[in-house]
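Each chain, letter by letter, is given below.
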Amino acid sequence: MDSFMDAFGSSYIESLAVEKDFTSKRISSWDRTGKNNDFVSIAAHENKVLAEIKGPGCIKHFYAPTLTLDPFFYRNAVLRMYWDGETNPSVDCPAGDFFCAGWNGYAQVTSLPVCVNPGSAWNCYWEMPFRKKALITLENIGEDTQTIFWQVDYTLTDVPDDAAYFHAQFRRSNPLPYGDVYTIVDGIRGQGQFVGTYMCWGVNNNGWWGEGEIKFFMDGDTEFPTICGTGTEDYFCGSYGFISRDENGKQKYQEYTTPYAGMPQVIRPDGVYSANTRFGLYRWHIMDPVRFEKDLKVTMQALGWRSGGRYLPMQDDLASVAYWYQVEPHAKFPKLPDKDYLEIQ
């Protein structure tokens, strides 16, 4: 176990000087003709294999910048990952949302497991162990050819019996029906731990929108969850409406990006066609993973304020990615929405 923990990065900096029993590998889009055209085109409706790796091993870093100027590519590129020959993917998600870039535009993200760097360089550092085989695909569900780079850095090493598999699932509700609670993930069966949430939150009302609570229903919970939050901004480790003041004392939403939580993107109305305020938020449960033994459901209330100090059930545009580890087999994911429902306008 000690050698596995070192190889899989649990000791990080303090383990770098220690000899480890693994082999470093990379699969990428580099040009094998020597012409330095290190990119690959993906035709409309093509499903491209990015990596197919024989195990045992662990994916350590996934890098995927794009060359496209198509703003819809973030949702039209569907990322899937399969472990050990499974037929139902353990990751099934638009690539932009997976990399915390769901609103079709660049915003710096500086966190431990996900970084988005200048030039829309997407980076993922979630560790993804596999025993027999890892398969990563990218499907272009759009109508235009797209061009991408990629690098998958991995190690070949023994994987112990108690290592769980990485999963990520996308959902969207636009608009959220009046009075409904948004479901981040449901139907998880088995043993594992929930490690993170990314949300695209498009507000369709004026006023404050973040009074809702996140709730973790696990291991047979019914009416009351084992873990309940105290407000939307609290869950994303912010406070008091994410508000700061500029040099003139005017209130504004304050973007932030930190190792474990952030709101790196705020899209403000421009008075013309960009009519709504939109937020990109993430929360990683790295120091506080949510452990479950049998089942898990995660929900988020969407609540604002209305007259008389009453709560207003929001009818917002909500999308999310849930990230977790669990033992296989996993329950089959809901079918991903079609291209038109995924599209952001």
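In what follows, the structure referred to is the one given above.
Residues numbered from 1 in each chain as written. Predicted model: local features only at pLDDT ≥ 70, side-chain atom pairs only at ≥ 80, totals over all residues. Heavy atoms only, no water.

Engineer: Got a minute to help me understand unusual backbone geometry in this structure?
Structural biologist: When glycine is set aside, most residues are seen to have a negative phi, and most peptide bonds are trans. The peptide bond linking Asn174 to Pro175 adopts the cis configuration, its omega dihedral lying at -5°. Within the secondary structure layout, Pro175 lies in the loop between β14 (165-173) and β15 (182-189). That bond from Glu328 to Pro329 is cis: its omega, 5°, falls within 30 degrees of zero. With respect to the element layout, Pro329 can be found in the loop between β28 (317-326) and α5 (339-342). The phi angle at Asn104 is positive, at roughly 60°, despite the residue not being glycine. Turning to its location among the elements, Asn104 is positioned in the loop between α3 (95-98) and β7 (109-110). The phi torsion at Asp219 lies on the positive side, around 50°, for a residue other than glycine. The residue Asp219 is located in the loop between β17 (214-218) and β18 (227-228) in this model. Of the residues examined, Asp219 reaches a relative accessible area of 27% and is grouped as partly exposed. (Helix = DSSP H or I, 4+ residues; strand = E, 2+ residues; numbered from the N terminus. Buried < 20%, exposed > 50% of the residue type's maximum accessible area, 1.4 Å probe, protein only.)

Engineer: So what exactly am I meant to see when it comes to the sheet that holds β17 here?
Structural biologist: Across a sheet, strands are paired by hydrogen bonds formed along the backbone, either parallel or antiparallel in direction. Strand order in this open sheet of four strands is β15-β25-β17-β18, and the pairing throughout is antiparallel. Two strands bound the open sheet, and with one partner strand each, they are β15 and β18. Bridge analysis of β17 against strand β25 (residues 295-300) gives five bridges, and the strand direction is antiparallel. What sits directly across from Phe216, in β25, is Val298. (Pairing = 2+ DSSP bridges.)

Engineer: Would you mind showing me how to read the side chain of Asp316 here?
Structural biologist: Relative to the helices and strands, Asp316 resides in the loop between β27 (310-313) and β28. Although buried, Asp316 forms no salt bridge, and the nearest oppositely charged side chain, Arg278, lies 10 Å from it. Within the structure, the side chain of Asp316 is placed 2.9 Å from the side chain of Trp201, a separation counted as a polar contact. Within the structure, Asp316 has its side chain in polar contact with the backbone nitrogen of Asn204 (distance 2.9 Å). (Lys, Arg positive; Asp, Glu negative; His and termini not counted. Salt bridge = Lys/Arg side-chain N within 4 Å of Asp/Glu carboxyl O. Polar contact = N/O pair within 3.5 Å; in protein donor to acceptor, adjacent residues only side chain to side chain.)

Engineer: Explain the pairing of strand β13 (residues 151-156) here, please?
Structural biologist: A regular strand carries its side chains on alternate faces of the sheet. Across six bridges, strand β1 (residues 23-28) lies against β13 in antiparallel orientation. Among the inter-strand pairings, Ser28 is bridged to a residue of β13, identified as Gln151. Note that strand β4 (residues 57-63) and β13 share six bridges and pair antiparallel. Counterpart to His61 in the pairing with β13 is Asp153.

Engineer: Even after reading the chapter, I still don't get a nonpolar patch on the surface, so can you show me in this structure?
Structural biologist: Taken together, the side chains of Leu112, Tyr260, Ile286 and Met287 present a nonpolar region at the surface, about 390 Å² in accessible area. Structurally, Met287 is set in the loop between β23 (278-284) and β24 (290-292). (Patch = residues over 30% accessible without salt bridge, like charges linked within 9 Å, V, L, I, M, F, W, Y side chains within 5 Å. Areas by Shrake-Rupley, 256 points an atom, 1.4 Å probe, with all protein chains shown as cover.)

Engineer: I'm lost on the packing of aromatic side chains in this one. Help?
Structural biologist: The geometry of an aromatic ring pair is captured by two quantities: the separation of the ring centres and the angle between the planes. Overall, the coordinates contain 25 aromatic pairs when judged by the stated rule. Ring centres of Phe99 and Trp122 lie 5.3 Å apart, and the angle between their planes is 20°; on these two criteria the pair is classed as stacked. Residue Phe99 is found in the loop between α3 and β7, and its partner Trp122 is found in strand β9 (residues 121-124); the two are separated by 23 residues along the sequence. Like Trp122, Phe99 is buried. An angle of 25° between the planes, with centres 5.3 Å apart, marks the rings of Tyr282 and Trp284 as stacked. (Phe/Tyr/Trp six-rings, centres within 6.5 Å; stacked < 30°, edge-to-face > 60°.)

Without other data, these values stay purely geometric and don't point to any function.
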